[in-house]
Amino acid sequence: MKGKKNKRIKPLKVIIFLPAVLGLFVFILYLPVWRIKDVIVQGNKIVPADTIIQAADISLDENIFFINSREVRRRIKEIPQIKKADVFPKIPSSIFIKVEERKPFAVFIAQGKYYIADNEGVIISKEESFKGSTDLPTVVGLPKSAIIADKQIDEKLVLAVEKSYKVLSQLLPPSRFVVEMKEEGDISILINDILKVKIGSSSDIDKKLTSLRLLLNRIDSKKALIEYIDIRLPGEPVVKFK
């Protein structure tokens, strides 16, 4: 009989004890100590911390455990310069935001505007004039269709520029040439603002620029007399004089 009574008492203890534990948990969860007092930003160099905090839209005094980190990340990544964002709480009352900013890769000039984009083609900023680093590739001649909703440069064009630039920068300092690109397969460069070189597509770019390097060494004193150099066919360069 005693065994049966003990078995009945144990479930009764659980029924009484469980609500008490839950009540204590809820009480602790809602203590004022968990209210957010600080939002700290790390990893930013271009975007001001205040801009990131404003975009995050985290209410001070909100409970640290009730923050929707995914939604906060989404809001922060709406800032064009932000590539990645992590949001995590630091007990008892701080929120840390760690960001990775997009790095300018090239300046794309279209319709009189200067679009600074990263190597994924995401437009970081749009300016009426550009006074930034001359080490960035400068790309001119882009068609209107290459700028997508003022947010993105056509990815195929960006890949072609990146591939061409890597090889070109081994041949010439970035400040000495400008890339002209009307479409993916129609790339030209302008050296020192006077010598035009037709490259065509970015395929076989190494072979094409090897031909260009040899030509430039041979015609150094005659550059001013040349209308353009055509290296679209690797191994068969064409020099057109004025």
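Note: the structure precedes this text.
Conventions adopted
- Along every chain, residues carry numbers that run from 1 in the direction the sequence is written.
- Since the coordinates come from a predicted model, pLDDT governs what is reported: local features require at least 70, and pairs of side-chain atoms require 80 or more to be given and counted, while whole-chain, interface and lining totals use all residues.
- As a rule here, side-chain values come from all non-hydrogen atoms in the structure, and water together with hydrogens is ignored.
- We count a stretch as a helix when DSSP gives it H or I for four or more residues in a row; a strand needs E for two or more, and each element gets its number in order from the N terminus.
- Polar contact is defined as a pair of N or O atoms within 3.5 Å, subject to the rule that within protein one atom must be able to donate a hydrogen and the other to accept it, and that residues adjacent in sequence are counted only when both atoms are side-chain atoms.
- Residue contacts are defined here by distance: any two heavy atoms, one from each residue, within 4.5 Å place the two residues in contact.
- The working definition used for a salt bridge is a side-chain nitrogen of Lys or Arg within 4 Å of a carboxyl oxygen of Asp or Glu.
- Patch definition: residues with relative accessible area over 30% and no salt bridge; like charges joined within 9 Å; nonpolar side chains (Val, Leu, Ile, Met, Phe, Trp, Tyr) joined within 5 Å.
- Per-residue accessibility takes into account occlusion by the displayed protein chains alone, with areas from the Shrake-Rupley method and a 1.4 Å probe.
- Burial classification: accessible surface area is computed with a 1.4 Å probe over protein chains only, and a residue below 20% of its type maximum counts as buried, one above 50% as exposed, and the rest as partly exposed.
- If DSSP finds at least two bridges between two strands, the strands pair.
- Note on geometry: axes are lines fitted to C-alpha atoms, helical ones only across the stretch in contact, with angles between N-to-C directions running from 0 to 180 degrees.

1. Side note on the side chain of Glu-101
- Its place among the elements puts Glu-101 in strand S3 (residues 94-101).
- There is a polar contact of 2.9 Å between the side chain of Glu-101 and the backbone nitrogen of Ile-46.
- For Glu-101, the contacting residues outside a window of four places in its chain are Gly-43, Asn-44, Lys-45, Ile-46, Val-47, Gln-81, Ile-82 and Lys-83.

2. A look at the environment of Thr-138
- You can see Thr-138 is positioned in strand S7 (residues 138-140).
- Through-space distance from the C-alpha of Thr-138 to that of Val-178 is 5.3 Å; in sequence the pair is 40 residues apart.
- With residues up to four places along the chain from it excluded, the contact list for Thr-138 reads Val-107, Ile-109, Val-178 and Val-179.

3. Regarding the pattern of salt bridges
- All told, the structure shown has 12 salt bridges when counted by the stated rule.
- Notably, a salt bridge pairs Arg-75 with Glu-71, separated by 3.6 Å at the nearest N-O pair. Of this pair, Arg-75 and Glu-71 are both found in helix H3 (residues 69-76), 4 residues apart, which corresponds to roughly one turn of the helix.
- Each member of the salt-bridge network shares a partner with another, and the members are Glu-71, Arg-74, Arg-75 and Glu-78.

4. Digging into a nonpolar patch on the surface
- A cluster of nonpolar side chains, namely Tyr-30, Phe-65, Phe-66 and Ile-91, defines an oily patch on the protein surface of about 430 Å² accessible area.
- Structurally, Ile-91 is set in the loop between strand S2 (82-90) and S3.
- Given the relative accessible area of 49%, Ile-91 is considered partly exposed.

5. Some words on the pairing of strand S5 (residues 113-117)
- Summarising the sheet, strand S4 (residues 106-110) and S5 pair through 5 bridges and their orientation is antiparallel. Bridging from a neighbouring strand, Ala-106 pairs with Ala-117 of S5.
- Strand direction decides the pairing type here: S5 and strand S6 (residues 123-127), joined by 4 bridges, are antiparallel. Paired with Tyr-114 across the bridge in S6 is Glu-127.
- Counting the residues between successive antiparallel strands, the hairpin from S5 to S6 contains 5 residues, one of them, Gly-121, with a positive phi of roughly 85°.

6. Looking at the sheet that holds strand S13 (residues 226-230)
- Taken in spatial order, the 9 strands make up an open sheet running S6-S5-S4-S7-S10-S11-S12-S13-S14, and their pairing is mixed. Both outer strands of the open sheet, S6 and strand S14 (238-241), are each paired with one neighbouring strand and no more. Strand-to-strand twist in this sheet, taken as the mean axis angle between neighbours without regard to direction, amounts to 25°.
- Across the sheet, helix H5 (residues 205-218) is in contact with strand S11 (186-191), strand S12 (195-200), S13 and S14; its angle to S12 comes to roughly 155°.

7. Comments concerning the pairing of S11
- With 6 bridges joining them, strand S10 (residues 177-183) and S11 adopt antiparallel strand pairing. The residue bridging Val-179 from the neighbouring strand is Ile-189, located in S11.
- Counted between consecutive antiparallel strands, the loop separating S10 from S11 contains 2 residues.
- Strand direction decides the pairing type here: S11 and S12, joined by 5 bridges, are antiparallel. Within S12, the position partnered with Ile-191 by the bridge is Leu-195.
- Counted between consecutive antiparallel strands, the loop separating S11 from S12 contains 3 residues, among which Asn-192 sits at a positive phi close to 55°.

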